[in-house]
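What follows is the residue order along each chain.
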Amino acid sequence: MSPNDKLSFENTEIAFRHSTNTDLNRAYWLFKVINVNFLVKIGPPITNFAIKIGLPVKGLIKATIFKHFCGGETIEECAKTTQNLADGGVGTILDYSVEGEDEESVFDSTRDEIIRTILTAAKGKNIPLTVFKITGVGRFGLLEKLDSGLKLSVDEQIEWQTVQDRVLAICEMAHSEGVPLMIDAEESWIQKTIDNLALNMMRFFNKEKAIIYNTYQLYRHDKLASIIQDHAIAEEEGFIMGAKIVRGAYMEKERKRAEEKGYPSPIQPNKEATDRDYNDALIYCADNIANIAIVAGTHNEDSCRLLADLLNEKQIAHKNPHVYFSQLLGMSDNLSFNLAYANYNVAKYVPYGPIKAVLPYLFRRAQENTAIAGQMSRELSLIVKEKRRRNN
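Residues numbered from 1 in each chain as written. Predicted model: local features only at pLDDT ≥ 70, side-chain atom pairs only at ≥ 80, totals over all residues. Heavy atoms only, no water.

(A) Up close: the packing of aromatic side chains. A full pass over the atoms with the stated rule returns five aromatic pairs. Ring centres of Tyr 28 and Trp 29 lie 5.2 Å apart, and the angle between their planes is 80°; this geometry places the pair in the edge-to-face category. Just above the ring of Phe 9 sits the side chain of Arg 305; from NZ or CZ to the centre is 5.0 Å. Above the face of the Tyr 28 ring, Lys 387 is positioned so that its terminal group lies 5.3 Å from the ring centre. (Phe/Tyr/Trp six-rings, centres within 6.5 Å; stacked < 30°, edge-to-face > 60°. Lys NZ or Arg CZ within 6 Å of the ring centre and 35° of its normal.)

So this is what it looks like as structure tokens:
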């Protein structure tokens, strides 16, 4: 019997063992609603308007979409979700999902909150990875100006130094506590600046173990080359490369901007090209696992199966600290919990933050889900299968 014989993504008993009947029913109706594109399109403006004029919709949001996709409004509120995941062998990645802010005081408080997630992770084994976005601690427009190569004013130079100081403080804390920290990918027109920052942080803090991870979005046609290039730098300079590998989250926005501004789209020509590069990236990383640590962020069953098989073929231990599978809370439990059951390292992204501030994240989840052909019907079919199993 091979190690992967017990790995089945169809086993709904394991996938939903952590879910009560109430949880399953809520998920069923939620995905039914998300499956209706019309409701997903009109939902965000109606919700934002209702909150703006003071209608009591927060309670409804918190009891439904927020409860399904988020851990809570604070780190403390996430404790129950974290424990629930841990009971199924799945780790938590606390993801402070406040976005779109632009004030220095907010950037400082976000830095402090990210440091709190690191300190919380350091207290136990249930939070094996942490994460943050550079735009959480620095102004988007400033990063955009840096990426475009424009000269910064004196005030902007001071502002940029402050952003770098915030990033350094976060990464220093992760290093001193021994907690791996992922820097999320963002839009292509600020990504070069983020890549340079991430690589510098790896140079400082990844000499002995993988602490800092950059994120590579393989729906971009140049990112497989970036992984290989960054690995060459890591080998030459003597540090461990940390790579979170995802397909990507900004496809429609990227294509639209490229068209409007008249430059070639950075996005792959089709899904097949994205899948090919994603899987090639997994193969490359598995071939170099001694000095590349990877987090495979994917809801794609074929890619999960490929990486699981690669570990077995190359006799890489399932619990090798250089390999993690990762999915989002509230989605693809059939992957997360079945991989954990087969003894692989798995961690779920658990977003948290004030409901109003996390709404952009929640709306993006719903809109992305409707854009992924078959994703919702897949989630629904698994939930229906488990409901039937429990009723027998």
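(B) Representation of helix α6 (residues 104-122). The terminal C-alpha atoms of α6 lie 27 Å apart, and with 19 residues this matches the ideal 27 Å at 1.5 Å per residue to within 8%. Every buried residue belonging to α6 is among Val 106, Phe 107, Thr 110, Glu 113, Ile 114, Ile 115, Thr 117, Ile 118 and Ala 121, and all of these are buried. Residues of α6 that are buried make contact with β1 (91-96), β2 (129-132), α8 (154-177), β3 (181-183) and β8 (346-352). (Helix = DSSP H or I, 4+ residues; strand = E, 2+ residues; numbered from the N terminus. Expected span 1.5 Å × (residues − 1). Buried < 20%, exposed > 50% of the residue type's maximum accessible area, 1.4 Å probe, protein only. Contact = heavy atoms within 4.5 Å.)

(C) Structural view of the environment of Glu 113. One can find Glu 113 in helix α6. Once the C-alpha coordinates of Glu 113 and Thr 74 are considered, the two residues, 39 residues apart in sequence, prove to be 9.7 Å apart. Once residues within four sequence positions are removed from consideration, Glu 113 is found in contact with Ile 75, Tyr 96 and Tyr 352.

(D) Geometry of the environment of Arg 26. Position of Arg 26 among the secondary structure elements: in helix α2 (residues 21-34). Residue classification places Arg 26 among the buried residues on the basis of a relative accessible area of 18%. As for Arg 26 and Ile 65, which are separated by 39 residues in sequence, their C-alpha atoms are 9.0 Å apart. Ignoring anything within four residues of it in the chain, the contact list for Arg 26 reads Ala 63, Thr 64, Lys 67 and His 68.

(E) Local environment of the packing of helix α7 (residues 140-147) against helix α9 (residues 188-205). Where α7 contacts α9, the two axes come as close as 8 Å, and the packing angle between them is 80°. The pairing of α7 with α9 is recorded here as roughly perpendicular in orientation. Residues Phe 140, Leu 143, Glu 144, Leu 146 and Asp 147 of α7 pack against Ser 188, Trp 189, Ile 190, Gln 191, Lys 192 and Thr 193 of α9. Class assignment for the residues of the contact of α7 with α9 results in five nonpolar, three polar and three charged. (Axes fitted to C-alpha atoms, helices over the stretch in contact; angles between N-to-C directions. Parallel < 35°, antiparallel > 145°, perpendicular 65-115°, else oblique. Nonpolar A, V, L, I, M, F, W, Y, C, P; charged D, E, K, R; others polar.)

(F) Representation of the pattern of salt bridges. Summed over the entire model, instances satisfying the criterion amount to 24 salt bridges. Across the pair Asp 112 and Arg 111 runs a salt bridge, and its minimum N-O distance is 3.0 Å. Take Arg 111: its relative accessible area is 21%, and that puts it in the partly exposed class. The shortest N-O distance in the salt bridge between Asp 277 and Arg 276 comes to 3.2 Å. (Salt bridge = Lys/Arg side-chain N within 4 Å of Asp/Glu carboxyl O.)

(G) Structural view of the side chain of Lys 223. In this structure, Lys 223 sits in helix α10 (residues 223-237). In terms of polar contacts, Lys 223 uses its side chain to reach the side chain of Asp 195, at 2.9 Å. Those residues in contact with Lys 223, other than ones at most four positions away along the chain, are Gln 191, Asp 195, Tyr 216, Gln 217 and Leu 218. (Polar contact = N/O pair within 3.5 Å; in protein donor to acceptor, adjacent residues only side chain to side chain.)

(H) Representation of the pairing of strand β6 (residues 292-297). Most of β6 sits out of view: six of its six residues are buried. Residues of β6 alternate between two faces, with Ile 292, Ile 294 and Ala 296 on one and Ala 293, Val 295 and Gly 297 on the opposite face, all of them buried. Where strand β5 (residues 241-246) and β6 come together, five bridges link them in parallel fashion. Within the sheet, the bridge partner assigned to Ala 243 lies in β6 and is Ile 294. With four bridges connecting them, β6 and strand β7 (residues 323-328) associate as parallel partners. (Pairing = 2+ DSSP bridges.)

(I) Geometry of the pairing of β8. Buried residues dominate β8, accounting for seven of its seven residues. Burial along β8 is two-sided: Val 346, Lys 348, Val 350 and Tyr 352 facing one way and Ala 347, Tyr 349 and Pro 351 facing the other are all buried. Two elements, β1 and β8, share six bridges in a ladder whose sense is parallel. Paired with Leu 94 across the strands is Val 350, a residue of β8. For β7 and β8, the ladder comprises four bridges, and the chain directions are parallel. In the sheet register, Leu 328 faces β8, and the bridge partner there is Tyr 349. Handedness of the crossover joining β7 and β8 through helix α14 (residues 333-341) is recorded here as right-handed. (Right-handed = clockwise from strand over helix to strand, strands pointing away.)

(J) Expanded view of the sheet that holds β5. One closed barrel accounts for eight strands, arranged β1-β2-β3-β4-β5-β6-β7-β8; its pairing is parallel. On average, each strand axis in the sheet is inclined to that of its neighbour by 30°, with strand direction left out of account. Direction of pairing for β2 relative to β3: parallel, over a ladder of three bridges. Its bridge partner lying in β3, Phe 132 is registered against Ile 183. Sheet contacts for α14: β7 and β8; angle to β8, the most-contacted strand, approximately 135°.

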